[in-house]
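# Structural overview for review
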Amino acid sequence: MTQTSSVLLDRGRRILLAVVGLIVFAFGVYLQLQANIGQAPWNALNQGLSMRLPISYGTACNVVACCIVLIDIALKEPVGLGMLLDACIIGWATDIFIALDWVPVQTALPLQILLQLAGMTVLCIGQLIYMKAALGCGPRDALMIALGKRFTKVSVGTVNMCIFVIVLAGAFLLGAPIGIGTVMAVALMGPIMDLVFKVGHFDARSVIHESLLQTIRAIAGSVKKKTDSAK
């Protein structure tokens, strides 16, 4: 295999990995919606918007994500292909899962709690797969990092909690259901993600993300070399 083919194959594999990870992530979101005991902050905001506006949950998710991408760009955070895929795929995939209706909405508390935990675990597995592609942070993670850089006297964890509080306040005002599932998501998402990453032998800190410009240059350069060699 030539170096050119290798580069194209590698980018293709990584893009596919990111897409699969985001679809798995969306399935985790769907399971939490079906648990019906309250959503994680960003999911609650999406749900609140879909309740107030004539749009689906997935459309609300994509609109919020695209708005955050614009904020990230304004804050001069690097944009990767993965960030753009995140802003497009999660919402659409979640809407597809809702339409397929594979899992009924739960009403019994024990099953609701189990489904909420399952949803968070699946979401973290999707996050692991997506991050392995190393095509950039998601919009929300980039926002947290950008604000963390500007409020250096405050820990990143505190910045993230402040974002959660603001987002939850917006979701509450929109009438989104906030309950035990919301508390579970805020309290347990971190530990569950740590466990999933540990089982998957994945160190998120070691990932060197590729910017959108780097991805475009790599693909365009390889295509040009392949075209030139074919002449």
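For the structure, check the block above.
Below is a short write-up of the structure. (Residues numbered from 1 in each chain as written. Predicted model: local features only at pLDDT ≥ 70, side-chain atom pairs only at ≥ 80, totals over all residues. Heavy atoms only, no water.)

A word on the overall build of the protein chain. In terms of regular secondary structure, the protein chain is built from nine helices and zero strands. At 19 Å, the protein chain has a C-alpha radius of gyration in line with the 17 Å of a compact globule built from 231 residues. Principal-axis analysis of the C-alpha atoms places the extent of the protein chain at approximately 65 × 45 × 40 Å. Here the protein chain, with 231 residues, has 45% of them falling under the buried criterion. (Helix = DSSP H or I, 4+ residues; strand = E, 2+ residues; numbered from the N terminus. Rg over C-alpha atoms; globule rule 2.2 N^0.38 Å. Buried < 20%, exposed > 50% of the residue type's maximum accessible area, 1.4 Å probe, protein only.)

With respect to the helices and strands, Asn 46 occurs in helix α2 (residues 41–52). The class for Asn 46 is buried, based on a relative accessible area of 1%. Not counting chain neighbours up to four residues away, the residues in contact with Asn 46 comprise Tyr 57, Ala 60, Cys 61 and Val 64. (Contact = heavy atoms within 4.5 Å.)

This model, assessed by the stated rule, comprises six aromatic pairs. On the numbers, 5.8 Å between centres and 35° between planes, the contact of Phe 27 with Tyr 30 is tilted. Of this pair, Phe 27 and Tyr 30 both sit in helix α1 (residues 3–35), separated by three residues, roughly a single helical turn. Relative accessible area serves as the criterion here: at 0%, Tyr 30 is assigned to the buried category. Summarising the aromatic geometry, the rings of Phe 27 and Phe 97 are spaced 5.0 Å apart at their centres and angled 65° between planes, so their arrangement reads as edge-to-face. Note that Phe 27 is positioned in helix α1 and Phe 97 in helix α4 (residues 81–100), a separation of 70 residues in sequence. (Phe/Tyr/Trp six-rings, centres within 6.5 Å; stacked < 30°, edge-to-face > 60°.)

Now for the pattern of salt bridges. With the rule as written, the count across this model stands at seven salt bridges. Arg 13 is the partner of Asp 10 in a salt bridge, and the nearest nitrogen-oxygen pair spans 3.2 Å. Within this pair, Asp 10 and its partner Arg 13 are both found in helix α1, separated by three residues, close to a single helical turn. Of the residues examined, Asp 10 reaches a relative accessible area of 25% and is grouped as partly exposed. Assessed through its relative accessible area of 47%, Arg 13 is described here as partly exposed. One salt bridge connects Arg 11 with Glu 210, and the closest N-O pair in it is separated by 2.8 Å. (Salt bridge = Lys/Arg side-chain N within 4 Å of Asp/Glu carboxyl O.)

Okay, the packing of helix α3 (residues 57–74) against helix α6 (residues 139–150) next. Each pair of packed helices can be described by the angle between their axes along with the distance between the axes. Between α3 and α6, whose axes approach to 9 Å, the crossing angle comes to 35°. Between α3 and α6 the crossing geometry is left-handed. For the pair formed by α3 and α6, the contact residues are Cys 61, Ala 65, Ile 68, Val 69, Ile 71 and Asp 72 on the first element and Pro 139, Arg 140, Ala 142 and Leu 143 on the second. (Axes fitted to C-alpha atoms, helices over the stretch in contact; angles between N-to-C directions. Left-handed = near helix turned anticlockwise from the far one by under 90°.)

Taken as a whole, this structure holds zero disulfides when the rule is applied. Cysteine Cys 66 remains unbridged, with the sulfur of Cys 88 as its closest cysteine sulfur at 5.6 Å. Exposure remark for Cys 66: the relative accessible area of 38% places this residue in the partly exposed category. Unpaired in terms of disulfides, Cys 124 finds its nearest cysteine sulfur in Cys 137, a separation of 16 Å. (Disulfide = S-S within 2.5 Å.)

Between its first and last C-alpha atoms α2 spans 17 Å; for 12 residues at 1.5 Å apiece the expected length is 16 Å, and the two agree. The buried count for α2 comes to nine of 12 residues, which makes it a mostly enclosed element. Those residues of α2 lying buried are Pro 41, Trp 42, Asn 43, Ala 44, Leu 45, Asn 46, Gln 47, Gly 48 and Ser 50. (Expected span 1.5 Å × (residues − 1).)

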